[in-house]
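# Summary of the model geometry
Here are the chains, one letter per residue:
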Amino acid sequence: KKSRRKKEQKLHNIYERAGEKNVERKIFYKDELPVSVITANIVDYPFHFHDDMEIVYVLSGSIILKSGYYTYTLKQGDMFILNDRDMHSLERTDE
């Protein structure tokens, strides 16, 4: 089980590095569940997309989420749902 996780993490890291050149992000699921939960300290996450829906929930502070032609400011406790293949970016605000 540990070697599978190491392999998944290694693949995840490769996709993250490749994502700097390619806007598509690949999500690997743990334990064969169709859910992946990631906690991140957002500073600047450039435009990208993936084949899965994404739920953004702001734990603290605020972020600017750009999706398509629209820009949203999300604050602590706000939630935003992105459809699969929606181009989007995230950026921390000074608030």
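Everything quoted here is computed from the prediction, not taken from an experiment.

## Structural notes on the overall build of the chain
Secondary structure summary: the chain contains one helix and seven strands in total. For the chain, the sequential pattern of α-helices and β-strands runs α-β-β-β-β-β-β-β. A buried classification covers 22% of the 95 residues belonging to the chain. In the chain, the share of contacts with a sequence separation of at least 24, taken over all contacts with a separation of at least 6, comes to 53%. Counting every atom, the chain has about 7600 Å² of accessible surface; 52% of that belongs to carbon and sulfur.

## A short note on the packing of aromatic side chains
Counting across every chain of the model gives two aromatic pairs. Aromatic pair Tyr70 and Tyr72: ring centres 6.4 Å apart, planes at 35°, arrangement tilted. Classification of Tyr70 by relative accessible area gives exposed; the value is 54%. When the centroid spacing of 4.8 Å and the interplanar angle of 50° are considered together, the rings of Tyr72 and Phe80 count as tilted. A network of ring pairs unites the aromatic residues Tyr70, Tyr72 and Phe80 as a single cluster.

## Describing the environment of Arg85
For Arg85, the position within the fold is in the loop between strand 6 (79–82) and strand 7 (88–92). Here the alpha-carbon distance between Arg85 and Asp51, two residues 34 residues apart in the chain, equals 5.4 Å.

## Description of the pairing of strand 5 (residues 70–75)
In this sheet, strand 5 lies alongside strand 4 (residues 62–67) in antiparallel orientation, the contact comprising six bridges. Bridging from a neighbouring strand, Leu65 pairs with Tyr72 of strand 5. The turn linking strand 4 back onto strand 5 is made up of two residues, and Gly68 within it adopts a positive phi angle of 60°.

## Comments concerning the side chain of Ser67
Of note, Ser67 is situated in strand 4. A relative accessible area of 13% means that Ser67 is categorised as buried. Excluding anything up to four places from it in sequence, Ser67 contacts Tyr72, Leu82, Asp86, Met87 and His88.

## Structural notes on the nonpolar core
Core analysis: the biggest nonpolar cluster contains nine residues, these being Ile42, Val56, Val58, Ile63, Leu65, Leu74, Phe80, Leu82 and Leu90. Secondary-structure elements contributing two or more residues to this core are strand 4 and strand 6. Setting aside anything within four residues of it in sequence, one finds Ile63 in contact with Ile42, Val56, Val58, Tyr72, Thr73, Leu74, Leu90, Glu91, Arg92 and Thr93.

What counts as what
Residues numbered from 1 in each chain as written. Predicted model: local features only at pLDDT ≥ 70, side-chain atom pairs only at ≥ 80, totals over all residues. Heavy atoms only, no water. Helix = DSSP H or I, 4+ residues; strand = E, 2+ residues; numbered from the N terminus. Buried < 20%, exposed > 50% of the residue type's maximum accessible area, 1.4 Å probe, protein only. Contact = heavy atoms within 4.5 Å. Areas by Shrake-Rupley, 256 points an atom, 1.4 Å probe, with all protein chains shown as cover. Phe/Tyr/Trp six-rings, centres within 6.5 Å; stacked < 30°, edge-to-face > 60°. Pairing = 2+ DSSP bridges. Core = buried A, V, L, I, M, F, W, Y, C linked by side-chain atoms within 4.5 Å.

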